[in-house]
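Listed below, chain by chain, are the residues.
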Amino acid sequence: MKKSDKLGNGFCHVYLMVLSVIACFPLIWVILCSVKSSGELTANPTGFFPKQFTLENFYHVIKDLHFATNMGNSVIIALVTTLIAITISSMAAYGIVRFFPKFGNMMSKFLVTT
């Protein structure tokens with residue numbers, strides 16, 4: 001392997017690691033903020049690490065805001081919406097391919113390539 005190839009690979013790896021840290025930072029920030037107390041969040045909102053670790057926020061979301069019920073409702077709506085969309089789109093696709101074969105063939109190729 002050439003020296004320029006090794007240098008290029010090294011630069012590529014460093015670049016990808018920096019981009020990974022940038023992409024993961026918001027998730028890390030949210031997780032760290034979720035274990036801070038509300039007083040700490042309002043007093044020092046830009047502090048990175050929590051001074052006092054607490055799970056009070058999780059308890060509030062799960063118990064007081066009925067998280068399980070809300071998630072169950074969201075799952076039911078997502079499943080029903082998906083089933084309706086699949087049913088309607090499969091009937092439309094059958095009709096297009098059956099009654100407009102040239103257009104259906106062109107649409108099939110377009111959808112597969114995308």
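Residues numbered from 1 in each chain as written. Predicted model: local features only at pLDDT ≥ 70, side-chain atom pairs only at ≥ 80, totals over all residues. Heavy atoms only, no water.

Observations regarding the packing of aromatic side chains
The geometry of two aromatic rings is summed up by the distance between their centres and the angle between their planes. This model, assessed by the stated rule, comprises 5 aromatic pairs. Residues F25 and F48 carry aromatic rings whose centres are separated by 6.0 Å and whose planes lie at 10° to one another, so their mutual orientation is stacked. Taken together, the positions of F25 in helix α1 (residues 3-34) and F48 in the loop between α2 (38-43) and α3 (56-64) put the pair 23 residues apart, joining distant regions of the chain. For F25, a relative accessible area of 40% gives the class partly exposed. The interplanar angle of 85° and the centroid separation of 4.8 Å between the aromatic rings of F48 and F49 together place this pair among those described as edge-to-face. We note K36 situated over the ring of W29; from NZ or CZ to the ring centre the distance is 5.5 Å. Over the ring of F99 we find R98, and its NZ or CZ is 5.9 Å from the ring centre. (Phe/Tyr/Trp six-rings, centres within 6.5 Å; stacked < 30°, edge-to-face > 60°. Helix = DSSP H or I, 4+ residues; strand = E, 2+ residues; numbered from the N terminus. Buried < 20%, exposed > 50% of the residue type's maximum accessible area, 1.4 Å probe, protein only. Lys NZ or Arg CZ within 6 Å of the ring centre and 35° of its normal.)

Examining the packing of helix α4 (residues 67-99) against helix α5 (residues 101-113)
Two elements in contact, α4 and α5, have axes separated by 5 Å at closest approach and are oriented at 125°. Between α4 and α5, the angle falls in the class oblique. Along the contact surface, α4 presents I96, V97, R98 and F99, while α5 presents P101, F103, G104 and S108. (Axes fitted to C-alpha atoms, helices over the stretch in contact; angles between N-to-C directions. Parallel < 35°, antiparallel > 145°, perpendicular 65-115°, else oblique. Contact = heavy atoms within 4.5 Å.)

Examining the side chain of E40
In this structure, E40 sits in helix α2. Once you skip the residues sitting within four places of it in the chain, E40 turns out to touch P45, F49, P50, K51 and Q52.

So, the confidence of the model for the chain
Residues with a pLDDT of 70 or more make up 98% of the chain, whose mean pLDDT is 89. Element-level mean pLDDT values for the chain span from 84 in α5 up to 94 in α4. (pLDDT = per-residue confidence, 0-100.)

Some thoughts on the side chain of K36
Mapped onto the fold, K36 is located in the loop between α1 and α2. One buried charge, K36, has no salt-bridge partner; the nearest side chain with opposite charge is E40, at 5.1 Å. In this structure, K36 is in contact with L41, G47, F48, F49, P50, Q52, T54 and N57, ignoring residues within four places of it in sequence. (Lys, Arg positive; Asp, Glu negative; His and termini not counted. Salt bridge = Lys/Arg side-chain N within 4 Å of Asp/Glu carboxyl O.)

With respect to the environment of V35
With respect to the helices and strands, the residue V35 is situated in the loop between α1 and α2. Assessed through its relative accessible area of 9%, V35 is described here as buried. Each residue touching V35, except ones within four places of it in the same chain, is listed here: P50, Q52, F53, T54, L55 and F58.

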